[in-house]
Amino acid sequence: MPIYNKFASVYDTMNADRHSVQMVDYCKKIFKKFKIKPKTGLDLCCGTGTAISKLSELGIRMSGLDQSAQMLAVAAKKLKGKNVTLYQKELPGFRLLDKNDSKKKVTFDLVTSFYDSLNYMLTESKLKQAFISTAKHLNHGGYFIFDMNTPTALKTIWDEQTYAGKKDDMAWIWENEYNPSKKQAICKATFFKKKGNLWERFEEEHHEQGYANTTIKKLLRSSGFALDGFYECRTFDNPTRESYRVCAVARKR
Ligand SMILES: C[S@@+](CC[C@H](N)C(=O)[O-])C[C@H]1O[C@@H](n2cnc3c(N)ncnc32)[C@H](O)[C@@H]1O
C-alpha cells in the first residue's frame, strides 16, 4: 500500500509539519554551537517542504528528496520561486545527479531529515545504506542532522494507542500497535476529507522501526561519519532510557 499518497493533501492542514519548523529553530542553535555555515543543503524525506522553506530563509540553497510524488507536489507549490530542486527518489540507495551534467553527483554542505523519516528504514542494513548514501552526497566536513523516534516512544506513545482529531473539512483516526520483539510500530491511519456534501475516506498503513542509540551511533560511524553530538531531541542533553526522540549531529569524516 503506497504511503503519503492522499495523506499529502491533508498533511499541513493537520499541522503535521510543525515539528519541522521546531527542528529548523533547533538547527539554528546547532549551527551556532558547532559553527556550521552551510551554503547548500538537502532535506531527506522532505515531505511538504516546510523545513526546506525555513532553511532557505537562512540563505541555504536547498534541495529536497522524497519518495512521494504527492508530498513533492505540495512542496513544489509551497517553494515556488525559491530556487529549490526537488527529487523523487527512494531511500536507502539514492543517487542524485546534477541536472546540467548527468555524470556528476550532487553534493551538499548539509543534509537534514526530520520527523521520524529514518524510522521508515525497517532494517539495520537499510538504515546503514541510507547513511552511506547520505555520506556520498555530503562534502568533506559536511553535516548530517536528523531526528528519530526511539523504541521507548514507539512502545509508550504508539502501543495500543488510538489518536483522533478533526478540523472543519477533515478528520483522522490513528490506531497504533507495537511489536516489542521486532521494536516495530504500525500505525493504521484512516482519514475523512469533505468533498462537497460527501466525505471521502482513505487509509494508509505506516511502519516505523525503533533503533537503540548504540545501533544508530555504530551505523553512523561505520558509514563514514564522526558523531559531534547525540542528544535528547531539541536539547543539548544526553538522551536517557526515557527519551522519546533523539537527534544526531554527524560530520562526514
Ligand atoms: C513523517 S513524514 C516527514 C516529512 C517531513 N520531513 C516533515 O518533517 O514534515 C515522512 C516522509 O518520509 C517520506 N519517506 C518515507 N519512506 C521513504 C523512503 N524510503 N524514501 C524516501 N522518502 C521516504 C514520506 O514520503 C514522507 O514524506
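Here is what the cut-offs are and how they apply
- Residues numbered from 1 in each chain as written.
- Predicted model: local features only at pLDDT ≥ 70, side-chain atom pairs only at ≥ 80, totals over all residues.
- Heavy atoms only, no water.
- Pairing = 2+ DSSP bridges.
- Helix = DSSP H or I, 4+ residues; strand = E, 2+ residues; numbered from the N terminus.
- Axes fitted to C-alpha atoms, helices over the stretch in contact; angles between N-to-C directions.
- Domains from an automatic or database assignment.
- Contact = heavy atoms within 4.5 Å.
- Buried area = accessible area lost by both parts, 1.4 Å probe.
- Salt bridge = Lys/Arg side-chain N within 4 Å of Asp/Glu carboxyl O.
- Polar contact = N/O pair within 3.5 Å; in protein donor to acceptor, adjacent residues only side chain to side chain.
- Nonpolar A, V, L, I, M, F, W, Y, C, P; charged D, E, K, R; others polar.
- Near = heavy atom within 4 Å.
- Areas by Shrake-Rupley, 256 points an atom, 1.4 Å probe, with all protein chains shown as cover.

K.L.:
Looking at this model, I keep getting lost on the sheet that holds strand E4 (residues 108-113). Mind explaining?
P.N.:
Whether parallel or antiparallel, the strands of a sheet pair through hydrogen bonds between backbone atoms. Pairing is mixed across the open sheet formed by 7 strands, whose spatial order is E3-E2-E1-E4-E5-E11-E10. The open sheet has two edge strands, strand E3 (85-88) and strand E10 (225-232), and neither has a second partner. Taking each pair of neighbouring strands and ignoring which way they run, the sheet shows an average axis angle of 15°. Pairing between strand E2 (residues 61-66) and E3: 4 bridges, direction parallel. Directly across from Asp66, in E3, lies its bridge partner Gln88.

K.L.:
I'm lost on the domain arrangement of the chain in this one. Help?
P.N.:
Note: interface size is frequently given as the accessible area lost on complex formation between the parts. Split by domain assignment, the chain resolves into domain 1 (6-150 + 210-252) and domain 2 (153-208). In this structure, domain 1 and domain 2 have C-alpha centres spaced 24 Å apart. Contact with domain 1, which involves 15 residues of that partner, is made by 19 residues of domain 2. For the pairing of domain 1 and domain 2, the buried interface totals around 1700 Å² over both sides, and the portion due to carbon and sulfur atoms is 61%. Scanning the region where domain 1 abuts domain 2 turns up 1 salt bridge. The closest approach of N and O atoms between Glu200 and Lys6, which form a salt bridge, is 2.6 Å. Counting the contacts that link domain 1 with domain 2 gives 8 residue pairs in polar contact (both at pLDDT 80 or more). In the side of domain 1 that touches domain 2, the residues fall into 6 nonpolar, 7 polar and 2 charged.

K.L.:
Would you mind showing me how to read the pairing of strand E6 (residues 162-166) here?
P.N.:
Each regular strand carries side chains that alternate between the two faces of the sheet. Bridging between E6 and strand E7 (residues 170-179) involves 5 bridges; their strand directions are antiparallel. Each residue of the ladder has a partner; that of Thr162, found in E7, is Glu175. The antiparallel hairpin formed by E6 and E7 contains 3 residues in its connecting segment.

K.L.:
Just to check I follow, could you spell out the site of the ligand for this structure?
P.N.:
In the region of the ligand, 18 residues are neighbours, and Tyr11, Cys45, Asp66, Gln67 and Leu91 sit closest. If the ligand stood free it would expose 600 Å²; the protein chains cover 96% of that surface. Looking at the shell around the ligand residue by residue, the classes come out as 10 nonpolar, 5 polar and 3 charged.

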